[in-house]
Amino acid sequence: SSDVCSSDLVTLDGHFALKVYNATARKPQEIQWELELTLHLIENGAPVAHPVAGTDGNYLQTFSVDDEDRVTALFEWAAGEKPKPELSTYVLLG
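The structure presented is a predicted model; accordingly, all values stated were derived computationally and were not measured. (Residues numbered from 1 in each chain as written. Predicted model: local features only at pLDDT ≥ 70, side-chain atom pairs only at ≥ 80, totals over all residues. Heavy atoms only, no water.)

Asks: Please give an account of helix H1 (residues 28-43) that cites residues and values.
Replies: The end-to-end C-alpha distance of H1 is 22 Å, a good match for the 22 Å that 16 residues give at a rise of 1.5 Å each. For H1, every residue scored as buried is listed here: Ile-31, Leu-35 and Thr-38. Summarising the axial view, the buried residues of H1 lie within an arc of 55 degrees, below the 170-degree limit, and thus occupy one face. What points out from H1, more than 90 degrees from its buried face, is the exposed set Gln-29, Trp-33 and Glu-43. Buried residues along H1 sit against strand S2 (14-21), strand S3 (51-52), strand S4 (60-65) and strand S5 (68-76). At the exit of H1 stands Gly-45, carrying a positive phi of roughly 85 degrees. (Helix = DSSP H or I, 4+ residues; strand = E, 2+ residues; numbered from the N terminus. Expected span 1.5 Å × (residues − 1). Buried < 20%, exposed > 50% of the residue type's maximum accessible area, 1.4 Å probe, protein only. Arc of directions from axis to C-beta. Contact = heavy atoms within 4.5 Å.)

Structure, rendered in structure tokens:
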């Protein structure tokens, strides 16, 4: 199964992407590291989607789905289109 599933959410507070991570594919510590890297990139001016902290101040939240804990993270919506998986895209990304 996939490493992460993303859902498009529109609320009264804005437009967001909810990432639900596969519990068997990634550990919460790995996801936290990804979020810390994202915050570092933002602090240094990179144009990346901003994670949204919960009311508890944490970026990662855990929910029980079908008796399985799933780690989630909410991000501000990044407008645009998903890049096509072409050689030129991978060359641009390095």
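Asks: Kindly report on the pairing of S5, identifying the contributing residues and their values.
Replies: In terms of strand pairing, S2 meets S5 through five bridges, oriented antiparallel. Considered in S5, the bridge of Leu-18 is made with Leu-74. Relative to S5, S3 runs antiparallel, the two being bridged by two bridges. Each residue of the ladder has a partner; that of Val-52, found in S5, is Leu-74. Sheet topology note: the S4/S5 ladder contains six bridges and is antiparallel. Following the sheet pairing, Gln-61 is matched in S5 by Thr-72. (Pairing = 2+ DSSP bridges.)

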